[in-house]
Amino acid sequence: MGLLPLFVAIPLFSALVLGFIEHKKWIIHTLVMLTTSALVILAFATPLQRGFYFVGGYHPFVGITLMLDPLNRLLLIVVQILVFVASWYSIGYMEKYTAKSKYFSFVFLMLAGMNGIVITADFFNLYVYMEIATIASYALVAYGGKAHELEASFKYLVLGSISSLFILLGIALIYSQTAALNMMLVAQRLDVTNPITWLIITVFAAGFGLKSALFPFHSWLPDAHSSAPAPVSAILSGVLIKVVGIYVLLRFFFNIIGIDQAPLTLIAWLGALSSLVGVLLAMGQHDFKRLLACHSVSQVGYIFIGIGLGTPLGLIGALLHIVNHSAFKSLLFLSAGSVEHATGERNFHSMGGLAKVMPWTNAASFIGFTSIGGVPPLNGFWSKLILIIACVASGHWILGLIIVIVAIMTLTLFPKIQKYVFLGDLPSKFQKVKESPWSMIFPMLILCFFCITLGALIVVPVLRETYFLPAVQALLSGKWLGVFQSAP
Amino acid sequence: MIYALCIVLFLLGLYGVLVKKNLIKIIISLAMMNNAINLFFILLAYRKNGVVPILSFLQPNANLYETAVDPLPQALVLTSVVIGLGVTALMVALAIRLYYVYGTFDITKMRKLRG
């Protein structure tokens, strides 16, 4: 378990070093690639069983505890791989921006924050890591410095701070009830029959719902995620909203509160509404990246439907959709960024015929579109299928119907964009457009590979037993009781 | 009772964020919300006639555990204040850049993003 603090320490150290290097491009690139690939290897090297690391060697009731179990191992692997891919892509993409080293510094701060959220088992530590990750993301959204980017960043910053303060209020209430911040201890001491506990649940659901853009709180997401540079959009949509919002809510509901069905049903319905609203918003967009960002709202809605069902099958679907969505939505953001990099244009009505000049980007976005639309052998199909089956099996056939409707709308939405952007005649102003550099195409191909093969995570028994079912089991095992036996 | 006043302060800040049109007033309202929660945290640790929670060898206090105020929330609030400072600084920086671009602090005049 000595590996655990490294997931925070390595990116923090790299962020510090990158802050001092200004002009030596090759040092920056080598450092970025070394750090991210080392973290990917570390994530796979973590053990499969649940384990703890006590910071400073203090007793878990006094000090900060870090925890690793199959659920956060799965998320750690997803986060490291996605940040690796996005940083590799940034090396080519960020050429047109200034201060590249500062950009990578922010990305690594965000990575350190996300890793910290995933591995921590202490509420206040969670808050600190959450603030590190989100403050870095506010800065990255404003990175271009143009008017709309600053505006999106300010909007995101105000709503993000409100949600953080709600979460801090929840933590204060938890401390007032249990006199503990360690999650295992809170799970033992929190009394579910107390009305204050329901206040805590409400405050946390509002705070983390705002962070993950659940239906009534979704308005900031399309602005923030479409204004950031493309690789940052990929990280934000791909992992940040899931780690900061959904993962913590999952832990809180299932492992700390041991929640019963009534509030979960409410969450499932909010998820259904957000999937409908997201896809309807996406249909009205003309901007490639903004459309993808709106569509993220609908996919987050799917995940919340799966969580809200509360059945094992629903949780399997939700977790699988977390992994799948981070693969295909990042792939689409990266290909949208590649198109923007080559043409300088984001409105897809004024494009066309780019397949002739950008064959690789065309192939990548085709795979992304078929995957997000749910065409059978690709990964999007499996998670949607499991979610629909889970809805029907638990008797919520209306929710299942909503998933089917949204899936059909998605399936009709994306071929349209493929046609507008890549097919048809090439406009004369784009005759000289060149394919993006290889440092941007290789990362997209890696994500294409994941989009094609991630279905195996649920189909192939070995992968399912090693990576996936233990993660669901960790949630379904209920409240953390009696993890640490002795009182201080 | 005094806890309820903290929540009132928090809600006042929330009202300011949602209603005010001026960027600076929004920033001030957010700082108010942050301070309301910090105050709440500090009040949780308060104990009437409590003593300073320091273990001293010169003046040993046998029933320190029963009489001392809880030191942990104070440590947490220090961290929270620093985080609030960072967020406020970033917000002010963004507000200055927005003022350079638009020439106003009025959010209703900033209309590059729609839908």
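It should be emphasised that the depicted structure is a prediction, and the values quoted were computed from it without experimental measurement. (Residues numbered from 1 in each chain as written. Chains lettered and ligands numbered in written order. Predicted model: local features only at pLDDT ≥ 70, side-chain atom pairs only at ≥ 80, totals over all residues.)

Colleague: So what exactly am I meant to see when it comes to the overall build of chain B here?
Modeller: Looking only at helices and strands, chain B has four helices and zero strands in total. Going residue by residue from the N terminus, the α and β elements of chain B occur as α-α-α-α. Its C-alpha radius of gyration of 20 Å places chain B more than 25% over the 13 Å reference for a compact globule of 115 residues. Overall, the C-alpha framework of chain B stretches about 65 × 30 × 20 Å when taken along its three principal axes. The buried share among the 115 residues of chain B stands at 23%. For chain B, restricting intrachain contacts to residue pairs at least 6 apart in sequence, the fraction spanning at least 24 positions comes to 55%. (Helix = DSSP H or I, 4+ residues; strand = E, 2+ residues; numbered from the N terminus. Rg over C-alpha atoms; globule rule 2.2 N^0.38 Å. Buried ≥ 20, exposed ≤ 12 C-beta atoms within 10 Å, placed from the backbone. Contact = placed C-beta atoms within 7 Å.)

Colleague: Please clarify how the overall build of chain A should be interpreted in this entry.
Modeller: Summing up its helical and strand segments, chain A has 19 helices and two strands in all. The C-alpha radius of gyration of chain A comes to 21 Å, within 12% of the 23 Å expected for a compact globule of 488 residues. With respect to the principal axes defined by its C-alpha atoms, chain A has extents near 75 × 55 × 45 Å. Relative to its 488 residues, chain A shows a buried fraction of 60%.

Colleague: Mind showing me how you'd approach the interface of chain B and chain A here?
Modeller: Many analyses report the size of an interface as the accessible area lost when the parts associate. Contacts between chain B and chain A engage 27 residues on the former and 26 residues on the latter. If you list the elements that add at least two residues to the side of chain B that touches chain A, you get helix H1 (2-19), helix H2 (23-45) and helix H4 (72-102) of chain B. The element contributing the most residues to the side of chain B that touches chain A is H4 of chain B, with 13 residues.

Colleague: What should I look at first to understand the domain arrangement of chain A in this one?
Modeller: Residues and elements named next belong to chain A. Considered domain by domain, chain A is made up of domain 1 (1-257) and domain 2 (260-478). When each unit is reduced to the centre of its C-alpha atoms, the spacing between domain 1 and domain 2 is 22 Å. Taken together, the contact between domain 1 and domain 2 spans 36 residues of the former and 43 residues of the latter. At the level of secondary structure, the elements contributing two or more residues to the side of domain 1 that touches domain 2 comprise helix H3 (70-93), helix H9 (220-227) and helix H10 (230-257). (Domains from an automatic or database assignment.)

Colleague: Please clarify how the environment of Ile119 of chain A should be interpreted in this entry.
Modeller: Residues and elements named next belong to chain A. For Ile119, the location among the structural elements is in helix H4 (residues 100-119). Overall, Ile119 belongs to the buried group, with 25 C-beta atoms counted inside 10 Å. Taking the C-alpha atoms as reference, Ile119 lies 7.5 Å from Leu4; in sequence the two are 115 residues apart. Contacts of Ile119, omitting those with residues within four sequence positions, involve Leu4, Phe7, Leu66, Met67, Leu68 and Asn72.

Colleague: Would you mind showing me how to read the packing of helix H13 (residues 312-343) of chain A against helix H15 (residues 379-393) of chain A here?
Modeller: All names here are of chain A. Where H13 meets H15, the axes come as close as 8 Å, and the angle between the chain directions of the two elements is 155 degrees. It follows that H13 is roughly antiparallel to H15 by the angle criterion. The interaxial crossing formed by H13 with H15 has left-handed handedness. Between H13, through Leu313, Gly314, Ile316, Gly317, Leu320, His321, Asn324, Ala327 and Phe328, and H15, the contact on the second element is made entirely by Asn379, Gly380, Trp382, Ser383, Ile386, Leu387, Ile389, Ala390 and Ala393. (Axes fitted to C-alpha atoms, helices over the stretch in contact; angles between N-to-C directions. Parallel < 35°, antiparallel > 145°, perpendicular 65-115°, else oblique. Left-handed = near helix turned anticlockwise from the far one by under 90°.)

Colleague: Looking at this model, I keep getting lost on the packing of H9 of chain A against helix H12 (residues 288-309) of chain A. Mind explaining?
Modeller: How two helices sit against one another is set out by the angle between their axes and by the gap between those axes. Residue and element names in this part refer to chain A. Two elements in contact, H9 and H12, have axes whose closest approach is 8 Å; the angle formed by their N-to-C orientations is 135 degrees. Viewed along their axes, H9 and H12 adopt a mutual orientation that is oblique. With respect to the hand of their crossing, H9 and H12 are arranged in right-handed fashion. Contact with H9, carried on its side by Leu221, Pro222, His225 and Ser226, involves Lys289, Arg290, Ala293, Cys294, Ser296 and Val297 of H12 and no other residues of that element. Across the contact of H9 with H12, the residue classes break down as five nonpolar, three polar and two charged. (Nonpolar A, V, L, I, M, F, W, Y, C, P; charged D, E, K, R; others polar.)

Colleague: Would you mind going over the confidence of the model for chain A with me for this structure?
Modeller: For any part of a model where pLDDT is low, the fine detail of the predicted coordinates should not be relied upon. Overall, the prediction assigns chain A a mean pLDDT of 88, with 99% of residues at 70 or greater. Per-residue pLDDT, averaged within each element of chain A, yields its smallest value for helix H18 (residues 456-459) of chain A (80) and its largest for helix H5 (residues 123-141) of chain A (93). (pLDDT = per-residue confidence, 0-100.)

Colleague: Could you clarify how one ought to interpret unusual backbone geometry in this entry?
Modeller: Glycine aside, residues mostly have negative phi, and peptide bonds are mostly found in the trans state. Residue and element names in this part refer to chain A. Of note in the backbone geometry, Ala99 takes a positive phi value of approximately 50 degrees without being a glycine. Positionally, Ala99 belongs in the loop between H3 and H4. For Ala99, a count of 11 C-beta atoms within 10 Å puts it in the exposed group. Even without a glycine there, the phi angle at Ala213 is positive, about 60 degrees. For Ala213, the location among the structural elements is in the loop between helix H8 (195-211) and H9.

Colleague: In this structure, what is going on with H12 of chain A? I would like to understand it.
Modeller: Turn by turn, an α-helix covers 3.6 residues, leaving residues three or four places apart pointing in a common direction. Residues and elements named next belong to chain A. Across its 22 residues, H12 extends 33 Å between first and last C-alpha, which sits within 8% of the 32 Å expected from 1.5 Å per residue. Where burial is concerned, most of H12 is hidden: 22 out of the 22 residues are buried. Positive backbone phi, approximately 75 degrees, marks Gly310, located one or two places after H12. (Expected span 1.5 Å × (residues − 1).)

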